[in-house]
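Each chain, written out:
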Amino acid sequence: MLVTTTYLEQTAPDQLRPAVEPAEPLQVVRAEVPSPEFSRFLYTAVGGPWSWTDKLGFTWNDWLIHITQEGRETWVAHHRGTPAGYAELQACPSDGGTEVEIESFGLLPHAIGRGFGGHLLTRALTEAWRLHERWPTLPPVTRVWLHTCTLDGPHARRNYERRGLVAYDTRTHEQVDAAPPGPWPGAQADTAALRDQR
């Protein structure tokens with residue numbers, strides 16, 4: 001199976017085009033206490049339907065090391081008290097400034113189709129551009145970037161581009177075709193049924 005990955009970026013904060021506020025309440029807060037259990041939950045619950053597998057083999061200690069790196073932040077969206085999605089930011093000092101990767105971004109199945117993605121991405125980009133203000137050892141942010149691939153949700157790239165991210169590179173590679181792992185083995189959420197239960 002061929003998978004195409006597209007890399008997108010912003011090089012100035014004024015390139016951000018905010019999304020409209022969602023019709024339903026959505027609170028986005030930073031998870032400031034490192035929790036490998038919570039980070040793994042977010043990774044599998046959001047990424048399971050889209051074949052996120054890179055970190056499935058992480059041990060508890062691997063997760064702890066991962067989430068306590070300098071300049072790494074997790075921002076979590078909550079809908080009526082329940083996690084709805086998250087964005088994970090990672091700073092990388094470069095010549096003349098700090099680059100921030102939005103390393104993970106997405107919604108849990110029950111939150112898809114409610115207008116939350118644009119709002120969460122707006123907040124993630126805003127906080128990425130301000131990351132150096134919370135990490136005084138880092139120089140100012142000069143670039144924010146992320147990548148998406150053809151295995152991701154069908155609206156992912158469109159959301160990124162609507163928020164002002166611009167594609168700068170595309171790469172294609174061969175990958176073994178396998179069923180998405182789900183949030184736990186064999187589990188695939190019925191998104192429509194979940195929405196109907198709200």
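For the structure given in this document, a descriptive report is provided here.

Turning our eyes to something else, we now look at the overall build of the chain. Within the chain one finds 6 helices and 7 strands. The order of helices and strands in the chain, counted from the N terminus, is β-β-α-α-β-β-β-α-α-β-α-β-α. Against the globule reference of 16 Å for 198 residues, the chain gives a C-alpha radius of gyration of 16 Å, in line with a compact fold. Seen along its three principal axes, the alpha-carbon backbone of the chain occupies a region of about 45 × 40 × 35 Å. Restricting to contacts in the chain with at least 6 residues of sequence separation, those with at least 24 account for 72%.

What follows is about the sheet that holds strand S4 (residues 82–94). Across the sheet, 7 strands lie side by side as S2-S3-S4-S5-S6-S1-S7; this open sheet has mixed pairing. Where the open sheet ends on each side, the last strands, each with one partner, are strand S2 (27–30) and strand S7 (166–174). Adjacent strand axes in the sheet meet at a mean angle of 25°, parallel and antiparallel pairs treated alike. With 4 bridges joining them, S2 and strand S3 (residues 72–79) adopt antiparallel strand pairing. Opposite valine 28, over in S3, you have alanine 77 as the bridge partner. In this fold helix H3 (residues 116–129) packs onto strand S1 (2–10), S2, S3, S4, strand S5 (97–107) and strand S6 (141–149), with an angle of close to 160° to the strand it touches most, S5.

Pairing analysis gives 8 bridges linking S1 to S7, with the strands arranged antiparallel. In the strand pairing of S7, threonine 6 is matched with threonine 170. Both S1 and S6 contribute to a ladder of 6 bridges, which runs antiparallel. Paired with threonine 5 across the strands is cysteine 149, a residue of S6.

Quick look at the packing of aromatic side chains now. Counting across every chain of the model gives 7 aromatic pairs. Ring plane angle 40° and centroid distance 5.7 Å describe the contact between tyrosine 43 and tryptophan 52, whose orientation is recorded as tilted. The exposure classification of tyrosine 43 matches that of tryptophan 52, with both residues buried. Geometrically, the ring pair formed by phenylalanine 105 and tyrosine 160 is edge-to-face, given 6.0 Å between the ring centres and 70° between the ring planes. Note that phenylalanine 105 is positioned in strand S5 and tyrosine 160 in helix H5 (residues 156–162), a separation of 55 residues in sequence. Taking relative accessible area as the criterion, phenylalanine 105 reaches 11% and is therefore assigned buried. Accessibility expressed as a relative area gives 5% for tyrosine 160, which makes it buried. Through pairs of rings, three or more aromatic residues link up here, namely Tyr43, Trp52, Phe58 and Trp63. The ring of tyrosine 7 carries arginine 171 above its face, with NZ or CZ at 5.0 Å from the centroid.

Before going further, it helps to examine the pattern of salt bridges. One pass over the structure, following the stated rule, counts 12 salt bridges. Of the charged contacts in the structure, one is a salt bridge between glutamate 127 and arginine 123, with a shortest N-O distance of 2.9 Å. Of the two residues, glutamate 127 and arginine 123 are both situated in helix H3; the distance of 4 residues between them amounts to about one turn of the helix. Relative accessible area serves as the criterion here: at 6%, glutamate 127 is assigned to the buried category.

Calculation rules
Residues numbered from 1 in each chain as written. Predicted model: local features only at pLDDT ≥ 70, side-chain atom pairs only at ≥ 80, totals over all residues. Heavy atoms only, no water. Helix = DSSP H or I, 4+ residues; strand = E, 2+ residues; numbered from the N terminus. Rg over C-alpha atoms; globule rule 2.2 N^0.38 Å. Contact = heavy atoms within 4.5 Å. Pairing = 2+ DSSP bridges. Axes fitted to C-alpha atoms, helices over the stretch in contact; angles between N-to-C directions. Phe/Tyr/Trp six-rings, centres within 6.5 Å; stacked < 30°, edge-to-face > 60°. Buried < 20%, exposed > 50% of the residue type's maximum accessible area, 1.4 Å probe, protein only. Lys NZ or Arg CZ within 6 Å of the ring centre and 35° of its normal. Salt bridge = Lys/Arg side-chain N within 4 Å of Asp/Glu carboxyl O.

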